[in-house]
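Okay, here's what each chain looks like letter by letter:
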Amino acid sequence: MNKLILIVLPLMISINGAVAQENPTFQTPPESIMKLADYQRAPQVSIDTKKKFMLLTYRNTYKNLEDLNQKEMSMAGLRINPVTNIASATNYISNIKVRKVVDKEAVQVKGMPANPRIAFVTWSPDESKVAFTNTTATGVELWVLDIETAQATKLTEPVLNANLGNPFNWFRDSKQLLARVLPKNRPELIDSKKELPTGPTVSVSNGATSQNRTYPDLLKNAADETNFVTLATSELYRVDLNAKMELFKKEDMYATEAFSPDGKFILITTLHKPFSYVVPLNRFPQTSKVYDLSRQDVKTVNEVPLSEILPKGFMAVRTGKRSINWRADKPSTLFFVEALDEGDPRKEAKFRDAVYLWDAPFNREPHLLTKTIQRYSNIIWGNDNVAVLQDEWYDDRNEKTYLINPSMPGESAKVIFDRNFQDVYSDPGSFETWKNEYGKYVLATDKNSLFLIGDGHTPKGQFPFIDELDTKTLKTKRLYQSSYKDKMEEIFDIEDYKKGEALVRIQSKNEYPNYYFRKFRKKDELTQLTYFPNPFESIKDVYKEVIKYKRADGVELSGTLYLPVGYDRTKKEKLPLLIWAYPAEYKDKNSAGQTTANPNEFTFPYYGSFVYWVTRGYAVLDDAAFPIIGEGKEEPNDTFIQQLVSNAKAAIDAVDSLGFIDRKRVAVGGHSYGAFMTANLLTHSNLFACGIARSGAYNRTLTPFGFQNEQRNYWDAPDVYNTMSPFMNADKMKTPILLVHGEADNNPGTFTLQTERYFQALKGLGAPARMVILPKEQHGYVARENILHLLWEQDKFLEKYLK
């Protein structure tokens, strides 16, 4: 086995001008940080709709490098382990327990696989069982768990094909599963490094304009195409609970399978050639067919050609049927959407999309249900007389929510909400759903009422709520609103409508989040369900406050301020300050000035923030607001640098005005777009002593057809792209920067090359920089060795430049 090596590139230049190269072994952070980083995460909780059983699933806090050091093939936007036939980055569950809701102790599931690596945990329609996969050294097995007995049973050998996602679906009867299985005569994969090509790779442009983002892990040659077919091809098998397997459909490239609500039909979508070298598999040709349970072909309901060419803009869509799926409140009716503007947001159109219904067995043509003024985004089915439809338009951030009557096609939709979707203070909440007779989630209804659960963000704080909406008057009535000022309450769903009981989670800044049943018609009646302890006792007494302040143009800003345990806020010792942030684009100052930060949210340190360093004597401003605003015809990025610097100055001024910090000892950091922000702040201001930029993109000409929320391409706005690119301004950079990147980053636009080239530019121009490449990591970091070393690197860097 090859040794894993952490590559750490130059920080300093020696006296004789030679580059100082370091090759350290993995390090661990100081004890105060290690105590927080080395913890066991609490289980995730899932409760059946009968409120009888609770499923507790456990994951390890971190992966390790051995987990990441697996065989991997990248193609069509996927990263696959070709030995086990599942995504190489799958996050596995390591244990499952079952608990009766009325009990306090969970029962360990019996018969679990040795060294479990569990994924795709799925309740059966009748909620008596749970199916899951277990990944062994050679492949993926199918297992089932009987909830009542807490007994797990293996149903198949490691023969499932999870390369395209979840490899199984429950039949409606809860007694069988439909599984994707590796074909018996599967061909060997081609080793493209050993095979000599038979010719060059040729791609052709036919003159049509298109604006595709910078996608990672695409097909590159004929060998990739052949291997993709091999990896994507499965047979479909019917598997019963006695482990009997029966062939359901012969081999094909199955992308999705979905049973009709009554379980009598199944919608199967397959992929086809020609493939593409410029877009991922979701834009490959597809065919969707409906079959009955006797495997007879009922109807081909959709055929989608290769979709390489799309109009410009976030609201651009392909022509033809899209979003095709079963209507949840009917036995076997499909619905789908078609663009009325040829999918081009630049074209004027009274209506953008149309929604159609199509009843099985599909002998008649689909019929129009309704048209949308903006681009269709979602529909929640209720019953014959009620459904909720949503459309949106990104350019002005508008979202409309409508009430429609599915039994009256063509009837005008009633607008319930018409709002800026970035305006969190006006958010009416999400419609509550429950399971219907088919086991599908539909709108929860009570005569003429629907129900909404909202996060409850306001200028005065966060107060989640439950509202009742009258479908006749479209007026809402508040049934419950949290009144906590020293805790944070989250409302998940309504468990009992007659009794008025909801599942909630309550936490405070030093009390770990735990689940409760709340009888919201009796405000103070709570029944605690879980008792997870606080694993971060050492910081339970840190000072925490959401501070609000304004930048120079009057835009309201905020951030969560942390001060070390025991810090005397009356003596005001001057501390170094760390700011962690991530920019966000807005079209209006009002939305940009709103905050979702809650000072009572549990303090959960993790590698994605600076909170660990409150134990090292630093003040920390976490999640500092960095809005980038473009009102009217102006685009946010037209003044990106100016607004970035203004946000930073306002944050430092705000904490400095409290008397807590030495403003000459301030560092800034961020991940991804936050790293891009960091490099620009160090380049274009003198506000910071140093900065930490992780997994960022620094040369926007390498993402020429848009990035983040920028819709214009490089040729539309070359000055914007060049001005925003730290790489183009590397000669101005004089402030120490720690650059960190995962060796295998597959996030669109933030390829590892971005950091490597930026570092080379800084090194060549004499800027003080250190680059750390974390082995085997993708865009987010998961291996324990890498994360602990990252914390060590950051600590050493901050101690050097701030203390």
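Just so you know, these numbers come straight off a predicted model, no measurement behind them. (Residues numbered from 1 in each chain as written. Predicted model: local features only at pLDDT ≥ 70, side-chain atom pairs only at ≥ 80, totals over all residues. Heavy atoms only, no water.)

Asks: Where do I start with the sheet that holds strand 17 (residues 254–259) in this structure?
Replies: For sheets, the rule is that strands pair by backbone hydrogen bonds, running either parallel or antiparallel. Strand order in this open sheet of 4 strands is 17-18-19-20, and the pairing throughout is antiparallel. Edge positions in the open sheet fall to strand 17 and strand 20 (297–304), since each of these has one partner strand only. Within the sheet, the average angular offset between the axes of one strand and its neighbour, ignoring direction, is 15°. Bridge count for strand 19 (residues 286–292) against strand 20 is 6 bridges, and the pairing is antiparallel. Within strand 20, the position partnered with serine 288 by the bridge is asparagine 302. (Pairing = 2+ DSSP bridges. Helix = DSSP H or I, 4+ residues; strand = E, 2+ residues; numbered from the N terminus. Axes fitted to C-alpha atoms, helices over the stretch in contact; angles between N-to-C directions.)

Asks: What is the right way to look at the environment of tyrosine 531 in this model?
Replies: Its location among the elements puts tyrosine 531 in the loop between strand 41 (525–528) and strand 42 (543–550). Counting along the chain gives 19 residues from tyrosine 531 to tyrosine 512, while the straight-line C-alpha distance between them is 8.7 Å. With residues up to four places along the chain from it excluded, the contact list for tyrosine 531 reads Lys104 and Asn514. (Contact = heavy atoms within 4.5 Å.)

Asks: What am I meant to see in the side chain of glutamate 399 here?
Replies: Relative to the elements of secondary structure, glutamate 399 occurs in strand 27 (residues 398–404). Residue classification places glutamate 399 among the buried residues on the basis of a relative accessible area of 17%. Other than its neighbours up to four places away in sequence, glutamate 399 contacts Gln374, Gln390, Asp391, Glu392, Phe417, Asp418, Arg419 and Phe421. (Buried < 20%, exposed > 50% of the residue type's maximum accessible area, 1.4 Å probe, protein only.)

Asks: How should the sheet that holds strand 12 (residues 151–154) be read in this particular structure?
Replies: With respect to topology, 4 strands assemble into an open sheet ordered 9-10-11-12, the strand pairing being antiparallel. The open sheet has two free edges, formed respectively by strand 9 (118–123) and strand 12, since each of these has just one partner strand. Sheet twist, expressed as the mean angle between neighbouring strand axes with direction ignored, is 25°. Relative to strand 10 (residues 129–135), strand 9 runs antiparallel, the two being bridged by 4 bridges. The partner of threonine 122 across the bridge, within strand 10, is alanine 131.

Asks: Before we go on, may I ask you to explain the pattern of salt bridges in this structure?
Replies: Opposite charge on two side chains permits pairing when their charged atoms draw close. This structure, assessed with the given rule, holds 42 salt bridges. Where aspartate 418 meets lysine 400, a salt bridge forms, and the shortest distance between an N and an O atom there is 3.8 Å. Linking aspartate 418 in strand 28 (residues 414–420) with lysine 400 in strand 27, this pair joins segments that are 18 residues apart in sequence. Owing to a relative accessible area of 49%, aspartate 418 belongs among the partly exposed residues under this scheme. By relative accessible area, lysine 400 is classed as buried at 14%. (Salt bridge = Lys/Arg side-chain N within 4 Å of Asp/Glu carboxyl O.)

Asks: Help me out: how do you make sense of helix 6 (residues 673–684) in this one?
Replies: Owing to its 3.6 residues per turn, the α-helix brings residues three or four apart onto one side. Compared with an ideal rise of 1.5 Å per residue, which puts 12 residues at 16 Å, helix 6 spans 16 Å between its outermost C-alpha atoms and is within 8% of the ideal. Buried within helix 6 are the following residues: Tyr673, Gly674, Ala675, Phe676, Met677, Thr678, Ala679, Asn680, Leu681, Leu682 and Thr683. (Expected span 1.5 Å × (residues − 1).)

Asks: What is the right way to read the layout of surface pockets from this model?
Replies: Remark: the empty space left among the atoms is shown by a probe the size of a water molecule rolled over them. In this structure, the second largest pocket spans a volume of roughly 1,100 Å³. If you trace the second largest pocket, you find 40 residues lining it, with Glu127, Lys435, Gly439, Lys440 and Tyr441 closest to the centre. Every element with two or more residues in the lining of the second largest pocket is listed here: strand 2 (44–47), strand 9, strand 13 (168–170), strand 17, strand 21 (322–326), strand 30 (433–435) and strand 38 (488–496). The leading source of residues in the lining of the second largest pocket is strand 38, at 4 residues. (1 Å grid on protein atoms, 1.4 Å probe; cavity = no way out; pocket = protein on both sides within 12 Å on 5 of 7 lines; lining within 4 Å. Points joined across faces, edges and corners; volume = space filled by probe spheres on them.)

Asks: Looking at this structure, how should I read the packing of aromatic side chains?
Replies: For the structure on display, the rule yields 41 aromatic pairs. With a centroid separation of 6.1 Å and 15° between ring planes, the pair formed by phenylalanine 132 and tryptophan 143 is classed as stacked. With phenylalanine 132 in strand 10 and tryptophan 143 in strand 11 (residues 140–146), this pair connects stretches of sequence that are 11 residues apart. We note that phenylalanine 132, like tryptophan 143, is buried. Ring plane angle 65° and centroid distance 5.3 Å describe the contact between phenylalanine 335 and tryptophan 381, whose orientation is recorded as edge-to-face. With a gap of 46 residues between them, phenylalanine 335 in strand 22 (residues 333–339) and tryptophan 381 in strand 25 (residues 375–383) connect regions that are remote in the sequence. The same class applies to phenylalanine 335 as to tryptophan 381, namely buried. The ring of phenylalanine 517 has lysine 51 sitting right over it, with the charged end atom 5.4 Å from the ring centre. Just above the ring of phenylalanine 465 sits the side chain of arginine 478; from NZ or CZ to the centre is 4.0 Å. (Phe/Tyr/Trp six-rings, centres within 6.5 Å; stacked < 30°, edge-to-face > 60°. Lys NZ or Arg CZ within 6 Å of the ring centre and 35° of its normal.)

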